[in-house]
Amino acid sequence: MIHYNKFTLDNGLRVVVHEDHTTPMAVVNVLYDVGARDEDPERTGFAHLFEHLMFGGSINIPDYDEPLQMAGGENNAFTTNDLTNYYIQLPAENIETAFWLESDRMLSLAFGEKSLDVQRKVVCEEFKEHYINKPYGDVWHKMRELAYSTHPYRWMTIGKELSHIETASLQDVQAFFFKYYRPVNAILVVGGNVTTAQVKVLAEKWFGDIPSGEKYVRRLPLEPAQTAPHKLEVKANVPLDALYKCYHIYPRLDKRYYAADLISDILGGGSSSRLHQTLVKEKKLFSNIECYHFGSIDAGLLTIEGKLVKGVKMKDAEKAVQEELNKLQQTVIPERELQKVKNRVESMLAFEDMSLLNRANNLAFYELLGDASLMNTEFDNYEAVTTANIHEEAGIIFNENNSNTIYYYADNHL
Amino acid sequence: MNRKIAPAIKDAVEFDIKLKPYEKFTLDNGIPVYVIKNDEQDTLQLELVFPAGSWYEQENMVAAATNFLMKNGSSQHSALEINESIEYYGAYLNRNSYHENATYTLHCLTRHAENLLPLLQEVIQDPAFSAEELAIYQQNMKQRLAVNLQKCDFVANRYIDRYLFGEFHPYGRVSSMEAYDALQPESLRAFYYKHYTYSNCKIFVAGHLPENMPDLLNRCFGSTRWNDGGHLLRPELPIQTADERKYRIFNDENGVQGAVRVARHFPNRYHPDFPKMMVLNTILGGYFGSRLMSNIREEKGYTYGIHSQLYNFRQVSALNIHTEAGRDVCEATIEEIYKELLRLQNEPVPAEELSLVRNYMIGSILGDLDGAFHVIQRWKSLILNDLDENYFHNNINVIKTITAEELQHLAKQYLSPAEFYELVVI
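Quick summary incoming for the structure in this document.

What counts and how
- Residues numbered from 1 in each chain as written.
- Chains lettered and ligands numbered in written order.
- Predicted model: local features only at pLDDT ≥ 70, side-chain atom pairs only at ≥ 80, totals over all residues.
- Helix = DSSP H or I, 4+ residues; strand = E, 2+ residues; numbered from the N terminus.
- Rg over C-alpha atoms; globule rule 2.2 N^0.38 Å.
- Buried ≥ 20, exposed ≤ 12 C-beta atoms within 10 Å, placed from the backbone.
- Expected span 1.5 Å × (residues − 1).
- Contact = placed C-beta atoms within 7 Å.
- Pairing = 2+ DSSP bridges.
- Axes fitted to C-alpha atoms, helices over the stretch in contact; angles between N-to-C directions.
- Bend = angle between axes of the 7 residues up to and from the residue.
- Core = buried A, V, L, I, M, F, W, Y, C linked by C-beta atoms within 7 Å.
- Nonpolar A, V, L, I, M, F, W, Y, C, P; charged D, E, K, R; others polar.
- Left-handed = near helix turned anticlockwise from the far one by under 90°.

Another aspect to go through is the overall build of chain A. The number of helices and strands found in chain A is 15 helices and 11 strands. Here the C-alpha atoms of chain A give a radius of gyration of 23 Å, agreeing with the 22 Å that 2.2 N^0.38 yields for 414 residues. By its C-alpha atoms, chain A is 65 × 50 × 35 Å across when sized along the principal axes. Buried positions account for 51% of the 414 residues belonging to chain A.

Next up on the list: helix α3 (residues 113–125) of chain B. All names here are of chain B. The terminal C-alpha atoms of α3, which comprises 13 residues, lie 18 Å apart, in line with the 18 Å expected from a rise of 1.5 Å per residue. Within the sequence span of α3, burial applies to Ala-113, Leu-116, Leu-117, Leu-119, Leu-120, Glu-122, Val-123 and Ile-124. On its buried face, α3 sits against β3 (43–50), α2 (79–88), β4 (92–97), β5 (102–109) and α8 (213–222).

Attention now goes to the sheet that holds strand β9 (residues 286–292) of chain A. Sheet architecture is open: five strands sit in the order β7-β11-β8-β10-β9 (chain A), paired in mixed fashion. At either margin of the open sheet sits one strand with a lone partner, and together these are β7 (230–236) and β9 of chain A. In this sheet, neighbouring strand axes are inclined to one another by 10 degrees on average, regardless of whether the strands run parallel or antiparallel. As paired strands, strand β8 (residues 242–248) of chain A and strand β11 (residues 403–410) of chain A are joined by six bridges and run antiparallel to one another. Among the inter-strand pairings, Tyr-244 of chain A is bridged to a residue of β11 of chain A, identified as Ile-406 of chain A. Set on the sheet, helix α11 (residues 314–330) of chain A makes contact with β8, β9, β10 (301–308) and β11 of chain A; between it and β8 of chain A the angle comes to about 35 degrees. Along the sheet face, helix α4 (residues 131–148) of chain B touches β9 and β10 of chain A and points at about 75 degrees away from the line of β9 of chain A.

A few words on unusual backbone geometry. For Lys-284 of chain A, which is not a glycine, the phi torsion comes out positive at approximately 55 degrees. Its location among the elements puts Lys-284 of chain A in the loop between α10 (274–282) and β9. Positive phi is not limited to glycine here, since Phe-129 of chain B has a value of about 50 degrees. In this fold, Phe-129 of chain B is placed in the loop between α3 and α4.

All names here are of chain B. Look at helix α9 (residues 273–286): only 17 Å from first C-alpha to last across 14 residues, short of the 20 Å you get at 1.5 Å a residue. Along its length, α9 reaches its greatest deviation from straightness, about 30 degrees, at Leu-280. Among all positions in α9, only Met-277, Val-279, Leu-280, Asn-281, Thr-282, Ile-283, Leu-284, Gly-285 and Gly-286 are buried.

The next thing to look at is the nonpolar core. The biggest cluster of nonpolar side chains holds 184 residues, and the ones touching the most others in it are Leu-188 and Ile-263 of chain A. Sorting elements by how many residues they give to this core places helix α5 (residues 152–165) of chain B first, with eight residues. Residues contacting Ile-263 of chain A, with those up to four places away along its chain left out, are Leu-302, Ile-390, Glu-393, Ala-394 and Ile-397 of chain A. By size, the runner-up hydrophobic cluster in this structure holds 61 residues, among which are Val-49, Ala-63, Ile-86 and Ala-113 of chain B.

Attention now goes to the sheet that holds β4 of chain B. All names here are of chain B. In space, the six strands of this open sheet follow the order β1-β2-β6-β3-β5-β4, with mixed pairing throughout. Of all the strands in the sheet, the pair left with one neighbour each is β1 (23–26) and β4. Each strand axis lies, on average, 15 degrees off the axis of its neighbour in the sheet, ignoring direction. Inspection of the sheet shows strand β2 (residues 32–37) paired to strand β6 (residues 202–207) by five bridges, in the parallel sense. Paired with Val-35 across the bridge in β6 is Val-205. Taken strand by strand, helix α13 (residues 372–384) contacts β2, β3 and β6, and its axis lies near 160 degrees from that of β6.

This part covers the interface of chain B and chain A. Taken together, the 58 residues of chain B in the interface contact 58 residues of chain A. Mapped by element, the contributors of at least two residues to the side of chain B that touches chain A are α2, β5, α4, α10 (291–299), β9 (303–310), β10 (317–326) and α12 (351–368) of chain B. Counting residues per element, the side of chain B that touches chain A draws most heavily on α12 of chain B, which supplies eight residues. Considered class by class, the residues forming the side of chain B that touches chain A number 24 nonpolar, 20 polar and 14 charged.

Residue and element names in this part refer to chain A. Here Arg-43 is to be found in the loop between β3 (25–32) and α1 (46–53). When the C-alpha positions of Arg-43 and Gly-295 are compared, they lie 24 Å apart, and in sequence the two are 252 residues distant. Setting aside residues up to four positions removed in sequence, Arg-43 forms contacts with His-164, Ala-168 and Asp-172.

Every other side chain in a regular strand lies on the same face of the sheet, so the side chains alternate between the two faces. Residues and elements named next belong to chain A. Here β10 lies mainly inside the structure; eight of its eight residues are buried. The sheet contact formed by β9 and β10 spans six bridges and is antiparallel. Within β10, the position partnered with Glu-290 by the bridge is Glu-305.

Turning next to the packing of α10 of chain A against α11 of chain A. Residues and elements named next belong to chain A. It is the contact of α10 with α11, at a shortest axis distance of 11 Å, that shows an interaxial angle of 145 degrees. Relative to α11, α10 is oriented so that their crossing is right-handed. Facing α10, whose interface residues are Arg-274, Leu-275, Thr-278 and Leu-279, α11 presents Ala-320, Val-321 and Glu-324. In terms of residue class, the contact of α10 with α11 is made up of four nonpolar, one polar and two charged.

Moving on to the pairing of β1 of chain B. Residue and element names in this part refer to chain B. In terms of strand pairing, β1 meets β2 through four bridges, oriented antiparallel. Considered in β2, the bridge of Phe-25 is made with Val-33. Linking β1 to β2, which pair antiparallel, is a turn of five residues; within it Gly-30 sits at a positive phi near 100 degrees.

Attention now goes to the environment of Glu-336 of chain B. Tracing the sequence through the fold places Glu-336 of chain B in helix α11 (residues 330–346). Setting aside its immediate chain neighbours within four residues, Glu-336 of chain B contacts Asn-295 and Ile-296 of chain B.

Structure (structure tokens):
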């Protein structure tokens, strides 16, 4: 049970306070309700580039990092397809420094040309480091385009191509900021060795006078149900053939999401999971195989990804994966196996909650989903899943017409 | 309210950092158990540590393979049966093999500990090392290595350690297809019996312990002299450094980035310069506001990130500056690295920057000591290196009191560009 208090400032900024007096630290987490899904298809990667610019100085504070480090603090941020999240961890005595810094960059950035120039380059190097200069690094770029025809999950947070980042202008940056980075689109979570009364005073003082902004109403194109299998063959300079299969699952707030999540654990969670046991250990067709999804807010993809043992034919490997999926469709799983994956989730949640930073991140995320209290009922949603639910959802999810497959072949003659 | 003025802060030197003391008890057979309790949580971490790292192996990769395969089947149960039993309780059993030590770490909900410890006992005391499990391991590790060898950063890490320590020394020796092929169940078994013994074992526990924890541990690990092997001698292994200092390697003709490494030896943690160098290293490349980051990422945009690190190896340490930079700017990056080294030699660190770094480091340590799992990590590192809390407090004191003059002196002694190895792998 995570305790918290919640209030909203007049300008619409939602504030969640999580008191924990066992730690000398405090965390300040600011979540903005904007991610790569909100981007213009011709200017992708912008939400993430923007995250970098948030460290380039704000209207009254030329350098964001220096004063924070002086206060003994550390910070970072991440951008996903759904949201952008910034966080600070520092000794609780110095918490006002975090309020000062976060409120000033919510008030307004400095919008310097130099910062944009440099961060364009930095993000291009990030793009190269993670997605170009790594074997199989381009696979998610291709898979998203294969699996989504319409919804903006069609592109990765880093962006579709380097040119979108290279051509971002200062005007784009300003427009983006004043559209999305407003109090009314943000959630502030303060956790650690603080009191709610103290946070109320500080929040009013530093965030209270920031103009509310206009509530961003998201109207994203819906992904139509897939009606035929999608397949793509890729040849690249990689050492091993790899197989990727993705199936559309459910939005984060759909009850069926939990059955889909447990299915990913049944197939790929741990060394006793079905895919690892059958395909790596018994049949020796794959050197590793995983099953996962990203927990995205709109309907995401259940992914199976594996590297083939040298000499194994792609069609034999795929057939063996298919057999495992068929088993889930044909036979109801044993109660003990369902209990195993539920136990796994229970302990994963317990370990996640140990870190103050995780608790603050999660409170912000659940508040974005609708209510921070969802965090405390999350495990009940898993507990409610039955073996019959798993059977039913496996039948729906692993329908061939819902599948997206990439055959990633090693071509060493390139 | 003037937003241009920073709120008042409490300075780092005023924070009184205390390392929470551990409790200790001894099992009937003499195994020491170090404990940091926190009954407010529902979770438990239990780690068994053995001097079974690569330092002690006679054949390459035997230590890592032994550590990995202990979990994959006992004389009583298959790998699947063991994994299924552990995972049924939602527990995680991780194993790791390092240069000096090898570990098994259990994370679980406290209420499942009673069911899990006998499984852990079986893994630690009765592994089978079947030929089939070894064959799967060899094949899969070779495939993983083939993928990693295409990554410039992976390849660069291998080369730079080889230049610093020599290809035959455990710090410089690297995995290879041949080494994987040469592994035999017999050599794993021999290594296991010699190193994973009750007399070599140390146990570190943190979190919420079940009430009968001492009994439980005694029953599983303390009642017999398992794998009785006598005292283990730590062999002396001299490092062999490369003569040539500058290297350029093409791993992928079409690579769009190069992995840059600039590194030199440094005395180990027992040397009085070590804690001082931790401060100088932070200034140079140990945090986001460091000289290297400010110049090479935030000023020039050559890279997504650049860092310098001080190795925590026992025999000898090294200072290693590492980054992946755009292919066309690798040489310019190296030039800037040297400029930053020279600047630390030629100019004292300004008072404001030194004060910032002190505060950053103290704040960071304060954050790192948050929670029982973190505190036991600190203690483990001290105990395994035959150190105590005085070492920890001395390091804090160095951070709080080191002067700009001392740092400049240290830079003059250790940051001369000519003494560094440099490497670019594209």
